[in-house]
Amino acid sequence: MTEALSAEGLTKRYGRRAALSDCSLAVPAGRVVGLVGPNGAGKSTLLQLACGLLDPTSGRIEVLGERPVSGSPRVGFVAQDTPVYAGLTVAEHLRMGAHVNPSWDAEFAERRIAQTGLDPAQRAGKLSGGQRAQLALTVAAAKQPDLLLLDEPVASLDPLARRTFLRGLMELTADRGTSVVMSSHLVADLERVCDYLIVLVASQVRVAGEVDDLLAGHHRLVGRRRDPAGLGAGIAVVEQSHTEVQSTLIVRSTAPIDDPSWQVDRLDLEDIVLAYMSESAPQWVLEGQR
Amino acid sequence: MIEFHLDARSGVAPYMQLIQQVRHALRLGVLKEGDKLPTVREVVARVAINPNTVSKAYRELEYEGLVTARPGLGTFVTRTLGGDSLAQHEPLRKDLQRWLSEARAAGLDDESIEALFLSAFRSFSEARG
């Protein structure tokens, strides 16, 4: 199957500052991908490269097997702060969408607006944050893209509006098998809705993979103090901290940890993301020294 | 029909949580042979969960022989769980109580007992794969 998103050595510079450096990714189609990382890590840059709004400085990016082209009917993009036209009504947004997009599914758009309880005569400027997000998602989805790119779609929403938005998004992917890449800080949300995760830190991909594999492959080890170098093959230390008597490690391991002198705990996705984002991660120290 | 929920803080993968909830409902007799599970679409619309996760859980349950998917109709329970093992609970509970009083007599407090049980349970489960 064609990959939804693939990149090799992808680099984007603004002057001397690298927003993305040497990123390689291979995201299968049909996934809902969570893109996480601290502010300024390059999440928005990656999404804008993927929808063709930006061109890479070097390296390669492909979306659905093609070079990204701005305005492609196969890709729907909702930028940060869910932009809508404040002066236009909900119905006018749909009419404009139909006019601009040959693949527009008017019946879907109207049904979805009715379902979400939006008043077609309402001006977009008068909508709540949650309603604006629903309108922007409807407009992006009604052109029937194969890939939806969403930049922080739920950041400004209250918990109820967030959950409603995510339900709608999951219904869409269930109905059409649309691939989704969405950036968010709300890892608990991503753990529900995403089956693939990319962690970007300091303009680089720190880890990417299936959520189930990430959950099954990461552990917290707690035991008496020792050098983590002796852990053995197949176990990579993501984060470590030591007191005089105790060592606490976050490790990635393909095999079960059978050393009985470690207490082995499960981690949730947030723990894993935080471990990769944390400054004591060994690779991160190296990156910081450049 | 049962409803699913997700515990975000459990550290258990979402698809596994769904499987556990079905098994639990089967064990308690909430779900019986012939009962229909909610469709993938119904689950995602209610729980806000990835549809692939729901499909994965259903496939796993089918592989275990607990449910069967009938194309165009839905996913149906094919057998119940725990009907015979329920009768075994009482003698096993008595054994556990005996063991607990021995542990207490040996000077273990609640936390030590819990830690000992969990570590023994974990190595037992891992040994059996």
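Since the model is a prediction, treat every value here as computed from it, not as a measurement. (Residues numbered from 1 in each chain as written. Chains lettered and ligands numbered in written order. Predicted model: local features only at pLDDT ≥ 70, side-chain atom pairs only at ≥ 80, totals over all residues. Heavy atoms only, no water.)

Engineer: Sorry, what's going on with the sheet that holds strand β3 (residues 74–77) of chain B here?
Structural biologist: Strand pairing in a sheet relies on backbone hydrogen bonds, with the paired strands running either antiparallel or parallel. Residue and element names in this part refer to chain B. Strand order in the open sheet formed by three strands is β1-β3-β2, with antiparallel pairing between adjacent strands. One side of each edge strand has no neighbouring strand; the edge strands of this open sheet are β1 (36–37) and β2 (67–70). Strand direction decides the pairing type here: β1 and β3, joined by two bridges, are antiparallel. Bridging from a neighbouring strand, L37 pairs with T75 of β3. Packing against the sheet, helix α3 (residues 51–63) makes contact with β1, β2 and β3, and its axis sits at approximately 120 degrees to β2. (Pairing = 2+ DSSP bridges. Helix = DSSP H or I, 4+ residues; strand = E, 2+ residues; numbered from the N terminus. Contact = heavy atoms within 4.5 Å. Axes fitted to C-alpha atoms, helices over the stretch in contact; angles between N-to-C directions.)

Engineer: Where do I start with the sheet that holds strand β2 (residues 17–28) of chain A in this structure?
Structural biologist: Residues and elements named next belong to chain A. Within the open sheet, the three strands sit side by side as β2-β1-β4. Their pairing is antiparallel. Every other strand in the sheet has two partners, leaving β2 and β4 (58–63) as the edge strands with one partner each. Across this sheet, the average inter-strand angle for adjacent strands is 20 degrees, counted without regard to direction. The strands touched by helix α1 (residues 43–50) are β1 (3–14), β2 and β4; relative to β1, the strand with the most contacts, the crossing angle is about 120 degrees.

Engineer: Please explain the confidence of the model for chain B as it appears in this structure.
Structural biologist: Regions with low pLDDT should not have their predicted coordinates read in detail. Summary statistics for chain B give a mean pLDDT of 88 and a share of 95% for residues scoring 70 or more. Summarising per-element confidence for chain B, the mean pLDDT is lowest in helix α5 (residues 110–127) of chain B (87) and highest in β1(B) (95). (pLDDT = per-residue confidence, 0-100.)

Engineer: Just checking my understanding: could you explain the side chain of A:E191 for this structure?
Structural biologist: Tracing the backbone shows A:E191 in helix α6 (residues 187–193). Here A:E191 falls in the buried class, since its relative accessible area comes to 7%. Setting aside chain neighbours within four positions, we find A:E191 in contact with A:L215, A:D268, A:L269, B:A8 and B:P14. (Buried < 20%, exposed > 50% of the residue type's maximum accessible area, 1.4 Å probe, protein only.)

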